[in-house]
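# Structural features, examined
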Protein chains: 6
Amino acid sequence: MERIDGRKLDELRPIRALPGYMGNAHGSVLIEAGQTRVICTAMGDETVPPFLEGTGKGWVTAEYAMLPGSTPTRKKRGADGRATEIKRLIGRSLRSVVDLKALGKRTIHIDCDVIQADGGTRTASITGAYLALWLCIQRYMEEGRISVNPIQAHVAAVSVGIVDGACLLDLCYQEDAGAQADMNLVMTEANEIVEIQGTGETAPFSKDQFDTLLTLGEKGIRELIAFQKKLIEGVHTC
Amino acid sequence: MERIDGRKLDELRPIRALPGYMGNAHGSVLIEAGQTRVICTAMGDETVPPFLEGTGKGWVTAEYAMLPGSTPTRKKRGADGRATEIKRLIGRSLRSVVDLKALGKRTIHIDCDVIQADGGTRTASITGAYLALWLCIQRYMEEGRISVNPIQAHVAAVSVGIVDGACLLDLCYQEDAGAQADMNLVMTEANEIVEIQGTGETAPFSKDQFDTLLTLGEKGIRELIAFQKKLIEGVHTC
Amino acid sequence: MERIDGRKLDELRPIRALPGYMGNAHGSVLIEAGQTRVICTAMGDETVPPFLEGTGKGWVTAEYAMLPGSTPTRKKRGADGRATEIKRLIGRSLRSVVDLKALGKRTIHIDCDVIQADGGTRTASITGAYLALWLCIQRYMEEGRISVNPIQAHVAAVSVGIVDGACLLDLCYQEDAGAQADMNLVMTEANEIVEIQGTGETAPFSKDQFDTLLTLGEKGIRELIAFQKKLIEGVHTC
Amino acid sequence: MERIDGRKLDELRPIRALPGYMGNAHGSVLIEAGQTRVICTAMGDETVPPFLEGTGKGWVTAEYAMLPGSTPTRKKRGADGRATEIKRLIGRSLRSVVDLKALGKRTIHIDCDVIQADGGTRTASITGAYLALWLCIQRYMEEGRISVNPIQAHVAAVSVGIVDGACLLDLCYQEDAGAQADMNLVMTEANEIVEIQGTGETAPFSKDQFDTLLTLGEKGIRELIAFQKKLIEGVHTC
Amino acid sequence: MERIDGRKLDELRPIRALPGYMGNAHGSVLIEAGQTRVICTAMGDETVPPFLEGTGKGWVTAEYAMLPGSTPTRKKRGADGRATEIKRLIGRSLRSVVDLKALGKRTIHIDCDVIQADGGTRTASITGAYLALWLCIQRYMEEGRISVNPIQAHVAAVSVGIVDGACLLDLCYQEDAGAQADMNLVMTEANEIVEIQGTGETAPFSKDQFDTLLTLGEKGIRELIAFQKKLIEGVHTC
Amino acid sequence: MERIDGRKLDELRPIRALPGYMGNAHGSVLIEAGQTRVICTAMGDETVPPFLEGTGKGWVTAEYAMLPGSTPTRKKRGADGRATEIKRLIGRSLRSVVDLKALGKRTIHIDCDVIQADGGTRTASITGAYLALWLCIQRYMEEGRISVNPIQAHVAAVSVGIVDGACLLDLCYQEDAGAQADMNLVMTEANEIVEIQGTGETAPFSKDQFDTLLTLGEKGIRELIAFQKKLIEGVHTC
C-alpha cells in the first residue's frame, strides 16, 4: 500500500519546531508536523484555581483554537465541543509530567493556536506544548522564580489509524478523513501511557488491530521525544 | 485487596434498568449501576443536521447533564467542559452501531440525565442510552416509520482503573477519586473496540497494565451486553 | 359534564410522593399528580446572596426545568421566559412560610425537574418542593446545624380553570390547553392566600367565576396539605 | 390612616399621558402615574412567530426595561427574571383584547421603557401599552393596512395592596416596599378579569382581604379606562 | 445648494435641553438637536474599576443605547458593534475634561438612551452627557461629597460631512445616509481637539476638504458650548 | 529628542511582509512593523449579508484578535470593546477601496490575528489586510471566479502621536503608552483620507499639532504603499 504522501506505514511526517516564536510569551514554539502548523505558548501567573487555594500546589491548564484561515474553508471563531475536548486533553497530558507541588502557587496557561490544519493538530499541540512549557519553566528558573524543575519527564503525542485495512502512523488530514478507526496516543519517555483515545466510529476495531496501532504509536512517540530532546539541547547551549 | 463495597476485583456493580421510565419519551430507561442512576431517553424528529442534508442519512446525537441534586454538594446547571466531552462520547458510541442510511432522514436525540452520581456516569449513560435507542427504534418500526432496523450490534461501556496498584472493574466514585489511572471502554457484542479513553493523569501506566485493564473491561462489557439482551427479551414478550 | 379522565369537577388527580428519591440531595421527593411527575430536591450551603450579607437572615431560592423527554416532542434544554416565571413563583411560595431569621446564614436551593409533564407542573413543583424542604430542614436539625425549625406552616399549590364553561379543579394538560381561563393558587394550611395567578387570555372571567374557582382551589389545597401531613408523619416514625 | 402622599385609600395617583411621544414609533405614549413614568411604543412588522405561520393570525408581544437612571441607584442594563415576568404579563394582557385573526399576518411589538420608577411600573406599562397599541392600529387603519379594528375592548391595570393592615389602591414605591401583600389586576371595560397576580410573601392574606382588594382594584380600573377613553377621544378629533 | 431642512451649510439644528428630566438620576438632561432626542443621565457610585484600585483616582464610563421605537423600523435591543464604538467614544470624551484625581474614588456612569434618531445621536449624546455630568457633580458638591470641581473644561461634539460635494455642519439622518464622507468632532471650549473620527467609506476625502470640515466643526462646537454655558447659568440661578 | 529605538521623528519602523504565510487561506500575509507582528488572511464565500441580498453587491468584513501570548502578560481570549472597534475600522478601510459591485455576490472575510503586540497593531492589520485581500482577489481572478479586479486603490494605515510635546510617526508600545495624543490614519495611494481617528484623552491637541501629525502620517502612508507595491510586484513575477 502506497501512502498519499509517499511515506512508509510507520513513518512520521517531517517534524520541525521554532522556539521563541512569540517574543512576548514566556515560552513558545511554532511546531510543524508536515503541513500541520501550531503556535504553542506558555505563560504563567501567580494565581491558582479556587480548588487549589491553600494547598501550595500549582496548576497547568490549556486552551486550543484554530485560526479562521487554518482550514480550506474559513473556520468560525469560538470554542466548539471538539475544541473543548482537545483543550482538556492537552491540559491533562502536561499535568501528568509536572510535579504541581514543585511548580508552586502559580498557573501555567498553555495556548495552542493552529495556523495550518492538515490532521493531527491535537497531537502536534501536545508535543509542541511540552516544548513551550519547558522553555517557560527554564526562564522562570533562570529568573529564580522556581528553584526545582517541576517537569518530571518528556511527554509527546501522535495519532495512529486504520486506513483501507492498513495500520498507519501519524495520519494527515486526507488519511484521517477516510480512516475506519483512529487513535491518539500520549506517552512519556519511559514508554508509559498518559492518555489513549481510540475511536472506531465507522468500524469498531479488534484487540489485535489495537495492539498493532499501539506498537506503531510507541515508535512514533520515541522519535518525537528524541526530537524534543535534540531541540532542547540546542536551546541549552545558547 | 478488599474493595470498598466488598466486590471482587473483576466484579460489576449490580445493574438494573427500568424501561419506559419517562412516559412521554419515545424510548426511555432508568439505568442503575450500584448507586449511580441515570435517566436515558431517545426522541426522534424528522430533521437532520445541515451537513447531512440531501444525503438520505440520519443522525444520532446526545446530551448529558447532571441534576443539581445528583451530587453531595449541589451541582450548578449548565454544560461545562466535562459534559461536552461526555456527550460527544455518547453520540459517537451509539452512531458506531447504527446504519445511518437505514435510519433515514431523522435525528434521534439521546438525553442522559444523571439523578445520582457514584462514579461511572458516562459508561452507565452509554449502556442505558443503547436501551433507550433500541426502545425508540422498536416503537418507530411498530408504527411503520422505519422498515429495516438500523441497529447493527449491541454496544455497552464500562470503566476500569488502577487503585493502589490493583486493576479494578467498574469503579465507584470513591475508587475513581483515588485511582492512579482509569479507562473507559466502549465495545460491541463482537468484542470490538468502539472507543477507548484511558488517562493516567496522576501516574502514567504501562503497556502490561493496559492489557490487564483491557481484559477486565472486556469481561464487564460481555456481562453488560448479556444484561441488555435479557432486558430486551423481556420487553419483546410484552 | 364528563371530564376527560372521568374525575368529578372538584376532584384532584391521584397524588403520590416518594421521599428520599435522590440519594445525594439533602431533601428530595418524587411527586406525582396523575401523569405529571416532578423530582424536587433541596440542598443548602452556608452562603447568602449579597443583599442579605450581614443581616443574619438566610434565603430560599428555586430553579425549575423540564427534562427534554418530559413532553411528547423533545423539549430543548435551557431556561426560557416561562421557566423564569415559574422558578420565581416557587421561590416566593416557599419563602412565605419560612422564617429566614431562624433559617440562619444559609441558602436552601430548591430544584424542580419535571420528568413527565401532563399539566400542573408548577403547582406539583410547589407542593413537592415543600416536602423536599421539610426533609432537608429535618436533616439539618438532626445534624444540629439548625436548632429551631424555620418552617412556619404548610404550603401547597393547585390549578383551577374554566373549560367549556365549567369550573374544574387540577387541570391535566388536555384540559389546560383548551381552558378559557386558568388560575394557579398557592395557599397555607390556615387557608390563607400566598400567591394567586389567574389568566383569562382567550376569554376574561367574571368576579363570580373567580369566586367559584377560588373555592374549588381551597378544597384542593386542603386535600394536598392533608396529604403532605400524612406523608411527613410516615417519615417521622422512621 | 394617612397615606404618605395624602391620598385617600381608594384614590389613584394623578394619571397623565402624552400621545405621540416617540416621533418614529407607529404608536407611542408617555404615561405618568404619579412619579412613575413609562414610555410605551407599538411597532408592527409583517412577520409572525413560527407557531403561527400559515394560520393567518397575527401576534402581539411585549418587552419591558428600566432605564439605568430610572431608580435612585443606577440599575444595570439587561433583562432579569423580574423583567421576563413582566414582559410576559404585558403581552398576555394586550392579546386578551385583540382579535388576532383580524390583526392579520403581522406582529405588533410593544416596548415599555421605564424612565422613572415609583411603584406600579408594570401596571402603568399595561395601561399605557393599550394606548400605544390603539394609536398604532389607528394609523394602520388610516393607511389601509388593516380594515377591521382588531381591538375588542379596553384593558387597563392597577395595583392594590395591604399596608399596615389597610387596603390601598395604586401603591407608590414606598407603600409597595412596606406592603404585607400586593396584587396586580388587569381588567377590561366590561369589568372582567384578564390577569390577577397576588403575592403575600411576607404575610399571606385572607379571602376577605382579597375581596376588599378586588373591589378597590375594580374602582381603579374603571377610572383608568375612563381616562383612556377621554384621551382617545381627544386624539380622534385631531 | 439647498439643505433638506432649509438650513444654511454652516447652521446647527435647533438645540434644546431639559435638565432634571429623570427625577431619580443624579444628573440628567433630555437633549434635542432637531429631531434627534437623547436622554442623558449621570449616576455615581463609590467604587472604581480594578485597574484604578489603590490609586485614589475615579473613573467616568458611558453606555449608549437606542430605544426600540427610536427608529422608523423597530430596533432590536442589545448592544451591537456600533453601540460599543459609541459608548467608548462618549467615555473618552468626558474623561478628557475631568480631573480623575479630584473626582476621587468613585465612578460616574453616563447613560445615553436615544428616544428619537435623526442623525448625530452620538454627538448629541456627548454634548448632553457633559450637561448631565455637570449637574451630577454640582449635586455632589452641594452634598459635600466632592470639594473641588473635577470638571476642567466644557466639551461638546458635532458632526460634519460632505454631501453632493458640499461641506455641511450637523447632518440630519437623510444627509448622513447620502454623505460621501462624514466626521465627528469632539472639542473643548479652548478650541482643542479631544476626538476626531472621520470616515470616507464611499469616497475618500482630500486634505483640503478635511480642513474645510474642521473649520465648520469648530464653528458648531463654539455655538454648542455657548448653549451649554447659558443652560448652566440658568440652572445656577435656581 | 531621542526616540526610544533610535529612530528619527518621521521614521517608520522596519516593515516586512511574508505572503502566503497561511497555506490554507485564500490570501494571507505575515506582516511585521518593528516588533509588532500580525497574521492577516482573506477568505471568501459565496454568500452576502441579508441587507445586500438581491443587490448583486458583495461585502468585505473583518475580525481582529490578539493571541493570548501576544502581550507580556497573557491576554484572555474573546472580543472586547476595543477589538470590536478595531474590526469595524479594518472592514470600513478595505471596503473604501473595493468596488462591491465588481466583487460580485460573495463575502471576503478578513482575519487579523496579532501574534506579537508592540503598538500599532490596528494599523499594521490594515496595511497587511490589504495585501491578503489583494492575494485572495488575485487567486480568484486566476481561477476565473472574478473577471474585473474590484480593488480600486491601495490603502494603508499608520499611527502618529504626540510624546513629550514632539510629533512622532509610527509609535511603538512604549511611546503609545506615554502619548498625550495619538491618531490613526488610513489613506489611499492618491493621498486621500479614508479614516482618521484622533484621540487626545490625557490632553486635547491644537489645530496646528493636528496639521503636523497629518503631514507626518501622509509621509508614512506613502512609504507603506510603496512597500505594498514592491511586494505585490515580486508576487506578480512568480
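Residues numbered from 1 in each chain as written. Chains lettered and ligands numbered in written order. Predicted model: local features only at pLDDT ≥ 70, side-chain atom pairs only at ≥ 80, totals over all residues. Heavy atoms only, no water.

## Brief notes about the overall build of chain A
When helices and strands are counted, chain A shows five helices and nine strands. Tracing chain A from N to C terminus, the helices and strands come up as β-β-β-β-α-α-β-α-β-β-α-β-β-α. Each principal axis of the C-alpha distribution contributes one length, and for chain A these read about 55 × 40 × 40 Å. Burial status across chain A gives 61% buried among its 238 residues. Look at the contacts in chain A between residues 6 or more apart in sequence, and 68% of them connect residues 24 or more apart. Taking the 27 positively charged and 31 negatively charged side chains of chain A as two groups, their mean positions are separated by 5 Å. (Helix = DSSP H or I, 4+ residues; strand = E, 2+ residues; numbered from the N terminus. Buried < 20%, exposed > 50% of the residue type's maximum accessible area, 1.4 Å probe, protein only. Contact = heavy atoms within 4.5 Å. Lys, Arg positive; Asp, Glu negative; His and termini not counted. Charge placed at Lys NZ, Arg CZ, Asp CG, Glu CD.)

## Quick notes on the relation of the copies chain D and chain C
Here chain D sits on chain C after a turn of 180° about the axis and a move of 0.1 Å along it, with an RMSD of 0.0 Å. Interpreted geometrically, this transformation is the action of a two-fold axis. Nearest to the rotation axis, the C-alpha of D:Gln197 is located 2.2 Å from it, this being the minimum over chain D. (Least-squares fit on C-alpha atoms with pLDDT ≥ 70 in both.)

## Describing the interface of chain F and chain A
Quite often, the size of an interface is put as the accessible area lost when its parts meet. Each partner contributes residues to the interface: chain F has 29 residues there, and chain A has 29 residues. Contact between chain F and chain A buries roughly 2300 Å² in total, counting both sides, with carbon and sulfur atoms accounting for 48%. Here A:Arg74 ties to F:Glu63 by a salt bridge, and the two come within 3.4 Å at their closest N and O atoms. Along the contact surface separating chain F from chain A lie 23 residue pairs in polar contact (both at pLDDT 80 or more). A total of six residues in the side of chain F that touches chain A trace back to one element, the largest contributor, which is strand β5 (residues 107-116) of chain F. (Buried area = accessible area lost by both parts, 1.4 Å probe. Salt bridge = Lys/Arg side-chain N within 4 Å of Asp/Glu carboxyl O. Polar contact = N/O pair within 3.5 Å; in protein donor to acceptor, adjacent residues only side chain to side chain.)

## Focus: the environment of A:Ala166
All names here are of chain A. Take Ala166: it is sitting in strand β7 (residues 166-169). For Ala166, a relative accessible area of 13% puts it in the buried group. Sequence separation of Ala166 and Leu213 is 47 residues, and the distance between their C-alpha atoms is 9.8 Å.

## Quick word on the interface of chain D and chain C
Listed as interface residues are 28 residues of chain D and, on the opposing side, 28 residues of chain C. Of the roughly 2600 Å² buried at the junction of chain D and chain C (both faces included), carbon and sulfur atoms supply 52%. Counting across the interface, chain D meets chain C through six salt bridges. For C:Glu85, the salt bridge is made with D:Arg88, and the minimal N-O distance between the two is 2.9 Å. There are 10 residue pairs in polar contact (both at pLDDT 80 or more) connecting chain D and chain C. Elements that contribute at least two residues to the side of chain D that touches chain C include exactly α1 (81-95), β8 (181-188), β9 (193-199) and α5 (207-237) of chain D. By residue class, the composition of the side of chain D that touches chain C is eight nonpolar, nine polar and 11 charged. Of the strand pairs in this sheet, strand β9 (residues 193-199) of chain C and β9(D) are connected by five bridges, and their pairing is antiparallel. (Nonpolar A, V, L, I, M, F, W, Y, C, P; charged D, E, K, R; others polar. Pairing = 2+ DSSP bridges.)

## Remarks on the packing of helix α1 (residues 81-95) of chain A against helix α1 (residues 81-95) of chain B
α1(B) packs onto α1(A) with a crossing angle of 115° between their chain directions and a minimal axis gap of 9 Å. Classed by the angle they form, the pair α1(A) and α1(B) counts as roughly perpendicular. Between α1(A) and α1(B) lies a crossing whose hand is left-handed. Residues A:Gly81, A:Arg82, A:Thr84, A:Glu85, A:Arg88 and A:Arg92 of α1(A) pack against B:Gly81, B:Arg82, B:Thr84, B:Glu85, B:Arg88 and B:Arg92 of α1(B). (Axes fitted to C-alpha atoms, helices over the stretch in contact; angles between N-to-C directions. Parallel < 35°, antiparallel > 145°, perpendicular 65-115°, else oblique. Left-handed = near helix turned anticlockwise from the far one by under 90°.)

## Some words on the packing of aromatic side chains
Tallying each qualifying case throughout the model produces 15 aromatic pairs over all chains. Measuring from ring centre to ring centre gives 5.0 Å for D:Phe51 and D:Trp59, while their planes differ by 90°; the resulting arrangement is edge-to-face. The rings of A:Phe205, A:Phe210, B:Phe205 and B:Phe210 are connected pair by pair, giving a single aromatic cluster. Its guanidinium or amino end placed over the ring of B:Tyr140, B:Arg145 lies 4.1 Å from that ring's centre, counting from NZ or CZ. Its end group placed over the ring of E:Tyr21, D:Arg37 keeps NZ or CZ at 4.9 Å from the ring centre. (Phe/Tyr/Trp six-rings, centres within 6.5 Å; stacked < 30°, edge-to-face > 60°. Lys NZ or Arg CZ within 6 Å of the ring centre and 35° of its normal.)

## Some points on the relation of the copies chain F and chain A
With an axial shift of 0.0 Å and an RMSD of 0.0 Å, the rotation relating chain F to chain A amounts to 180°. A shared binding surface is used by both copies, with 100% of the interface residues of chain F retained as interface residues in chain A.

## Some details on the sheet that holds strand β1 (residues 15-19) of chain E
Residues and elements named next belong to chain E. Spatial strand order, β1-β2-β3-β5-β4: five strands in an open sheet with mixed pairing. The open sheet has two free edges, formed respectively by β1 and β4 (59-66), since each of these has just one partner strand. With direction set aside, neighbouring strand axes in the sheet form an average angle of 20°. Alignment of β4 against strand β5 (residues 107-116), held across eight bridges, turns out to be parallel. By the bridge assignment for β5, Thr61 is matched with His109. The sheet strands contacting helix α1 (residues 81-95) are β4 and β5, and the helix crosses β4 at an angle near 145°.

## Quick look at the sheet that holds strand β1 (residues 15-19) of chain C
Residue and element names in this part refer to chain C. Taken in spatial order, the five strands line up as β1-β2-β3-β5-β4 in an open sheet, and their pairing is mixed. Edge positions in the sheet fall to β1 and β4 (59-66), since each of these pairs with one other strand and no more. Each adjacent strand pair in this sheet contributes to an overall mean axis angle of 20°, direction not counted. Those strands touched by helix α3 (residues 121-142) are β1, β2 (27-33), β3 (36-45), β4 and β5 (107-116), and its axis lies near 35° from that of β3.

## Description of the pairing of β5(F)
All names here are of chain F. For β5, the tally of buried residues reaches 10 of 10 residues, placing the bulk of the element in the interior. Summarising the sheet, strand β3 (residues 36-45) and β5 pair through nine bridges and their orientation is antiparallel. Residue pairing in the sheet places Asp45 in a bridge with Thr107 of β5.

## Some words on the side chain of D:Glu175
Residue and element names in this part refer to chain D. In this fold, Glu175 is placed in helix α4 (residues 173-177). Residue Glu175 is classed as buried on the basis of its relative accessible area of 6%. Within the local environment of Glu175, its side chain forms a polar contact with the side chain of Arg3, the two groups lying 2.9 Å apart. In this structure Glu175 touches Arg3, Ile4, Arg7, Val163, Leu168 and Asp170, once residues within four positions along its chain are discounted.

## Quick word on the arrangement of the chains
Structurally, chain A and chain C remain out of contact, their C-alpha atoms never closer than 16 Å. When C-alpha atoms are compared, chain B and chain F, though not in contact, are closest at a spacing of 16 Å.

## Topic: the environment of F:Leu171
Looking at the element boundaries, F:Leu171 is found in the loop between β7 (166-169) and α4 (173-177). F:Leu171 sits in the buried class, given a relative accessible area of 1%.

## Some remarks on the pattern of salt bridges
Evaluation of the coordinates by the stated rule reveals 156 salt bridges over all chains. B:Lys75 is the salt-bridge partner of B:Asp80, the closest N and O atoms lying 3.6 Å from each other. Residue D:Arg139 is joined to D:Glu143 by a salt bridge in which the shortest nitrogen-to-oxygen separation is 3.1 Å. Sharing partners across several salt bridges, the network here consists of A:Arg3, A:Asp5, A:Arg7, A:Arg13, A:Asp118, A:Asp170 and A:Glu175.

## Observations regarding the side chain of A:Thr41
With respect to the helices and strands, the residue A:Thr41 is situated in strand β3 (residues 36-45). In this structure, A:Thr41 is in contact with A:Met22, A:Ala25, A:Gly27, A:Ser28, A:His109, A:Ile110, A:Asp111, A:Ala132 and F:Gly69, ignoring residues within four places of it in sequence.

## Thoughts on the pairing of strand β2 (residues 27-33) of chain D
All names here are of chain D. Taking burial as the measure, the seven residues of β2 include seven buried ones, the bulk of the element. Taking every second residue as pointing to the same face, both faces of β2 are buried, with Gly27, Val29, Ile31 and Ala33 on one and Ser28, Leu30 and Glu32 on the other. Bridge count between strand β1 (residues 15-19) and β2: five bridges; the pairing is antiparallel. Within the sheet, the bridge partner assigned to Arg16 lies in β2 and is Glu32. Summarising the sheet, β2 and strand β3 (residues 36-45) pair through seven bridges and their orientation is antiparallel. Each bridged residue has a counterpart across the sheet, and for Ile31 the counterpart in β3 is Val38. Hairpin remark: β2 followed by β3, antiparallel, with two residues in the connecting loop; positive phi at Gly34, about 60°.

## Quick notes on α1(A)
Residues and elements named next belong to chain A. In this model α1 runs 22 Å from its N-terminal to its C-terminal C-alpha over 15 residues, within 8% of the 21 Å that 1.5 Å per residue would give. The buried count for α1 comes to 11 of 15 residues, which makes it a mostly enclosed element. By the burial criterion, the buried members of α1 are Ala83, Thr84, Glu85, Ile86, Leu89, Ile90, Gly91, Arg92, Ser93, Leu94 and Arg95. (Expected span 1.5 Å × (residues − 1).)

## Some words on the state of the cysteines
Under the defined criterion, the tally for this structure stands at zero disulfides over all chains. With no disulfide of its own, E:Cys167 lies 16 Å from the sulfur of E:Cys172, the closest cysteine sulfur. For F:Cys136, which is in no disulfide, the shortest distance to another cysteine sulfur is to F:Cys40 and amounts to 13 Å. On the accessibility criterion, F:Cys136 (0% relative accessible area) is buried. (Disulfide = S-S within 2.5 Å.)

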